Amino acid sequence: MIETIKWQDNKVYLLDQRILPNKEEYIICESYHDAAEAIYNLTVRGAPLIGVTAAMGFALGAINIQTSDRAQFIAELEKIEKVLADTRPTAKNLFWALQKMMSVVRNAEDQSLDTLKELLVKEAQAIMDDDNERNKKIGQWGAELFDDGDRVLTHCNAGALATAGPFGTALSPIRSAIGQGKKISVLADETRPVLQGARLTAWELLHDDIPVTVITDNSAGFLMAKGMIDKIIVGADRIAANGDVANKIGTYTVAVMAKNHNIPFYVAAPLSTFDFALKNGDQIPIEERQGEEIRCIQDHYITPKKVNVLNFAFDVTPAHYISALISEKGIARPPFEVSLAPWQTTA
Ligand code: MRU
């Protein structure tokens, strides 16, 4: 089984996704700063895993606070929360997980600081287990959307590597459908500039013996026109109340092409990714990352060193391009204002 994150002996072990598929190595986080750095520098990535790493980083920070003064302890925790929250702005799961950790703090006013530390470690583990449960259910619900023989396109990596467990979000329904005996093959967009599709989706699907073919990002339209793609499924970093979806840059382009060719376009995400406080996708903060990600491939410059680049990490796909949203609660179809309403209370 692919293990992306584990808590062991009061340290956090993270599978280093920057060097996959060439090396399988873990980095060890001994402080919340290490965890924040690992989220920022993409050692771990994918919305659910970012959330779990933040929770574990928070717990790591808490157990290492030395003071016995309660007010000072809480002030330290607030600092830790801010450092972790400032790593990546788009994935809702990051803020959701930190809020869960802070609510443990708020509900433990009568407990000793040692007990509170224990409770925070337990909560981080619970957030990880809960993520796995949710993603498993996404697979169980979503499997019915896929038929025997389907050739399914996905963008970026929304698989096991983007979560804390073996299912993933977008790849979970595919795994379930295959488990039901359907023959399904995956086309993975390589996903410039960080190549999550070429490096990570390809690696994890090969690991699980699921047929996968990597294509360049700019091939998807041509393959749709040739009738070589039956369905599309992607994950999400944040979903607004109207069903607009922020996901890896390039998702929007794929969704528009899918509509043009009448190909179902699905998005799978746990409710921890939904942000019902946002009316629509215009309000989702979109991360802009450093230009070297575009200028270089593995430390080798492919552009003039000083050329300007634009490196938005995510884009927003308007809800009207989306055939269905899949969460642990089931399958929601348009109009999402209506179908998502029952999910709001349980997020
Ligand atoms: O920049 P990344 O690799 O964190 O972006 C990841 C994605 O865009 C995923 O599709 C999304 O987080 C869903 S992961 C289950």
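Residues numbered from 1 in each chain as written. Predicted model: local features only at pLDDT ≥ 70, side-chain atom pairs only at ≥ 80, totals over all residues. Heavy atoms only, no water.

Per an unreviewed UniProt entry, the recorded name for the protein chain is Methylthioribose-1-phosphate isomerase, and the organism is candidate division CSSED10-310 bacterium. Word for word, the UniProt comment on the protein chain under Catalytic activity (unreviewed entry) is "5-(methylsulfanyl)-alpha-D-ribose 1-phosphate = 5-(methylsulfanyl)-D-ribulose 1-phosphate". (UniProt positions renumbered as here; feature names shortened; annotations may be inferred.)

**Q** So, the sheet that holds strand S9 (residues 245-248): which residues are in play, and what are the values?
**A** With respect to topology, four strands assemble into an open sheet ordered S11-S8-S9-S14, the strand pairing being mixed. Whereas interior strands pair on both sides, the edge strands pair on one side only; in this sheet they are strand S11 (274-275) and strand S14 (314-317). As judged from the two bridges shared by strand S8 (residues 238-240) and S11, these two strands associate in the parallel manner. The residue of S11 that forms the bridge with isoleucine 239 is phenylalanine 274. (Pairing = 2+ DSSP bridges. Helix = DSSP H or I, 4+ residues; strand = E, 2+ residues; numbered from the N terminus.)

**Q** Explain the site of the ligand residue by residue, including any values.
**A** Every one of the 17 residues lining the ligand counts as a neighbour, but Arg45, Arg88, Asp237, Asn247 and Lys248 are closest to it. For the ligand, an oxygen atom lies 2.6 Å from a polar atom in the side chain of asparagine 247. Protein chains shield 99% of the accessible area of the ligand, which is 420 Å² for the free molecule. Elements with a minimum of two residues in the shell around the ligand: helix H2 (47-63) and S9. For the shell around the ligand, the class distribution of residues is seven nonpolar, six polar and four charged. (Near = heavy atom within 4 Å. Polar contact = N/O pair within 3.5 Å; in protein donor to acceptor, adjacent residues only side chain to side chain. Areas by Shrake-Rupley, 256 points an atom, 1.4 Å probe, with all protein chains shown as cover. Nonpolar A, V, L, I, M, F, W, Y, C, P; charged D, E, K, R; others polar.)

**Q** Pulling in residues and values, what's your account of the packing of H2 against helix H4 (residues 92-106)?
**A** For the pair H2 and H4, the least separation of the axes is 7 Å and the interaxial angle reads 30°. Here H2 is positioned roughly parallel relative to H4, judged by the angle of their axes. The crossing of H2 and H4 is right-handed. Where H2 approaches H4, its residues Ala47, Pro48, Ile50, Gly51, Ala54, Ala55, Phe58 and Ala59 are matched on the opposing element by Asn93, Leu94, Ala97, Leu98, Met101, Met102 and Val105. Looking at the contact of H2 with H4, its residues break down into 13 nonpolar, two polar and no charged. (Axes fitted to C-alpha atoms, helices over the stretch in contact; angles between N-to-C directions. Parallel < 35°, antiparallel > 145°, perpendicular 65-115°, else oblique. Left-handed = near helix turned anticlockwise from the far one by under 90°. Contact = heavy atoms within 4.5 Å.)

**Q** Quick rundown of the UniProt feature "active site" (unreviewed entry) in the protein chain? Include the residues and the values.
**A** The positions that UniProt labels "active site" (unreviewed entry) are, in the present scheme, Asp237. Residue class for aspartate 237 comes out buried when judged on its relative accessible area of 8%. Apart from the residues within four sequence positions on either side, aspartate 237 is in contact with Ala47, Thr90, Ala91, Lys92, Asn93, Ala246, Asn247, Thr273 and Phe314. (Buried < 20%, exposed > 50% of the residue type's maximum accessible area, 1.4 Å probe, protein only.)

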